[in-house]
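Next come the chains, spelled out residue by residue.
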Amino acid sequence: MLSRGLPTLLSVGLIAGAVAQEGPNLGVPADPEEVAAWDIDIGPDGAGLPPGAGTVAEGEAVYAIQCLTCHGPEGNGQLNDVLVGGHGSLTEPAPVKTIGSFWPYATTIFDYIRRSMPYLTPRTLSDDEIYALTAYLLFLNGIIAEDDVMDAQSLPAVVMPNRDNFILAYPSN
Amino acid sequence: MSEREPNNLEVVAGNGLLHRRLFLTGGAAALGAGTLGQLTAARAQEPPPWMRIPGAPMTGHGSRARYENHVQRLTMSVPGTDGSGGSRTPIEALEGMITPSGLHFERHHSGVPDIDPDAHRLLIHGLVDRALFFDMDALSRYPMVSRIQFIECSGNSRLTGLAPEPVSGTCGELHGLISCSEWTGVPLSILLDEAGVDPSAHWILAEGADAAAMTRSVPLAKTMDDALVAIYQNGERLRPENGYPARLFLPGYEGNMSVKWLRRIKVTAAPMMTREETSKYTDLLPDGRSLMFTFPMDVKSVITSPSPGLELAGPGLYQISGMAWSGLGRIAMVEVSADGGASWAEAALSEPVLDKAVTRFRMAWRWNGAPAVIMSRAVDETGAVQPTRQSIISAKGTNFMYHYNGIQAWRVDADGRVTNVHV
């Protein structure tokens, strides 16, 4: 039920005057362990990356099972987002914006796969599998070597080719 | 020309545009016989059948007239899915400033979640003194505000605006990622103040409770200024496809940032560079660089009637009707041209004209039956003028994808058919 009690109106007048705002202080303190379970974000500096690691070869095997149907062999050729290639195409009439050609941060790959993919079964991959998939996609894009291992230290150190080609229209800090 | 036309129609611009006084003084009622909704009802039996028997009973929740069921959102899904993608508001079939909730455009990244409001909580954490949970019961007890404001997807209009040749489609198909509602909710600043924001914080990350757990970074200044945790839409609880039971609402900002099904706000020092703010919603320029964090939606307008699919029945008086909006403030003026931009005249703005809301404009037009090109141009209170398509493309190329706000032109053929044209 939404309305167990009447709305608390004591501060409405203050809001109308755009002076100060005050609520009824009904927030319930969150247990740090619960917060940790909800907080799955990875920052561009690698903050939030979990323990674990993955290789290109491991990623290729996971990709074949979890990703290939929608994204095609080697990240290309199916109807959904193209993940690989497009390098040098951003000034062309039909740019191909992929992880390799466009994404500014490698950490975003881990963050996005972990929260949203696979499309039909999100939140089912292990952290090792996500590191492996990230490594495979970076390898296919020619950004890391075939024997590189992705983990909480190596992933944030990857420099994406398009990293310096973004102009901030709003200051980042 | 009909004998029923009002007298003293003052021509104010080329090709038959008439002074907006016609609308401001109530004279527009006389336009009824000549507007798109022609008086087409056939002479029927008298009295009509619905006056001969009692009507239908009362209902617990109303629905629209069955004759209006053809007015539908147009859905476009991502391949292989039925819940990812978007649907467009059929703006050519609507009037006024408010979008009916059932026709509000949609943009989802993993379908519409079926959220039990009793099991839904909002977590605020990160750079705060105390991490807090709020359930819906708690949120309902906070002081709320109501605002009539638009949401526009920043990809709106690009299908036609950035195409080399004009794309055929209805006004809604081409420009229907815009909707305007009364949103009611709790100012986010109250909740952030309760959690105690650390001075080192400059951004927040908002996360939705959909299967994509979609996230966007938002400047803290915006959240403290006018952001809402919206709970009601047009007086009723949010529709599921608009974020039930709670959504972030960021007036004037690109729609993707008003995260639906809001479950978590993390207060941060810097943006998190999520997929949605890096690989998507960045504007690729001709030199290969991209603009990032282009948040406000710029001033824009479109004529919704006449528009493709709505035909003019013959020469005579017509009402040109359209929508104007700006993410920067109020609409100050809308001008209309009926001669392809050679001359312009000021349209009547329908009250109320509100901050970051859709404003309805109307213009009286005596169509002489010759081919014509009609277009609208909006100006907002900051002085920003809606640009031409060509000036946008000259400055930003055709690859930027987002925040296209060029002037839309419709061609009216001699037979009354309306098509999309580039001018």
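Our structure is the block above this text.
The sections below set out a description of the structure shown in this document. (Residues numbered from 1 in each chain as written. Chains lettered and ligands numbered in written order. Predicted model: local features only at pLDDT ≥ 70, side-chain atom pairs only at ≥ 80, totals over all residues. Heavy atoms only, no water.)

Observations regarding the pattern of salt bridges
All names here are of chain B.
- For the coordinates displayed, the defined rule picks out 31 salt bridges over all chains.
- Residue K300 pairs with E152 through a salt bridge whose shortest N-O separation is 2.8 Å. You can see K300 sitting in strand β18 (residues 300-305) and its partner E152 sitting in strand β8 (residues 145-152), a full 148 residues away along the chain.
- The class for K300 is buried, based on a relative accessible area of 2%.
- Under the relative-accessibility criterion, E152 is labelled buried at 1%.
- One salt bridge in this structure joins R275 and E276, with 2.8 Å as the shortest N-O distance. For the pair R275 and E276, a shared accessibility class is recorded, and that class is buried. (Salt bridge = Lys/Arg side-chain N within 4 Å of Asp/Glu carboxyl O. Helix = DSSP H or I, 4+ residues; strand = E, 2+ residues; numbered from the N terminus. Buried < 20%, exposed > 50% of the residue type's maximum accessible area, 1.4 Å probe, protein only.)

Focus on the interface of chain A and chain B
- Taken residue by residue, the interface counts 59 residues in chain A and 70 residues in chain B.
- Overall, the association of chain A and chain B removes approximately 5,400 Å² of surface from exposure, summing both partners, and the carbon and sulfur fraction of that is 57%.
- Counting across the chain A and chain B interface gives 8 salt bridges.
- Put simply, R264(B) and D39(A) hold a salt bridge, and the shortest N to O gap is 3.6 Å.
- Joining chain A to chain B, the criterion identifies 23 residue pairs in polar contact (both at pLDDT 80 or more).
- If you list the elements that add at least two residues to the side of chain A that touches chain B, you get α1 (12-16), β1 (28-29), α2 (32-38), α5 (107-116) and β4 (166-168) of chain A.
- Tallied by class, residues from the side of chain A that touches chain B come to 33 nonpolar, 17 polar and 9 charged.
- Sheet topology places β4(A) next to strand β17 (residues 290-292) of chain B; 3 bridges connect them, and they run parallel. Pairing of I167(A) across the sheet is with L291(B), part of β17(B). (Contact = heavy atoms within 4.5 Å. Buried area = accessible area lost by both parts, 1.4 Å probe. Polar contact = N/O pair within 3.5 Å; in protein donor to acceptor, adjacent residues only side chain to side chain. Nonpolar A, V, L, I, M, F, W, Y, C, P; charged D, E, K, R; others polar. Pairing = 2+ DSSP bridges.)

Notes on the nonpolar core
- Counting residues in each nonpolar core, the largest one holds 71 residues, and the members touching the most others are L138(A), M160(A), I124(B), L188(B), L191(B) and L248(B).
- If you tally residues by element for this core, the top one is helix α6 (residues 127-140) of chain A, at 7 residues.
- Contact partners of I124(B), with chain neighbours within four places excluded, come to R130(B), A131(B), L132(B), F134(B), L188(B), L191(B), L192(B), A195(B) and I265(B).
- In this structure, A13(B), V302(B), A378(B) and W410(B) belong to the second largest nonpolar core, which totals 37 residues. (Core = buried A, V, L, I, M, F, W, Y, C linked by side-chain atoms within 4.5 Å.)

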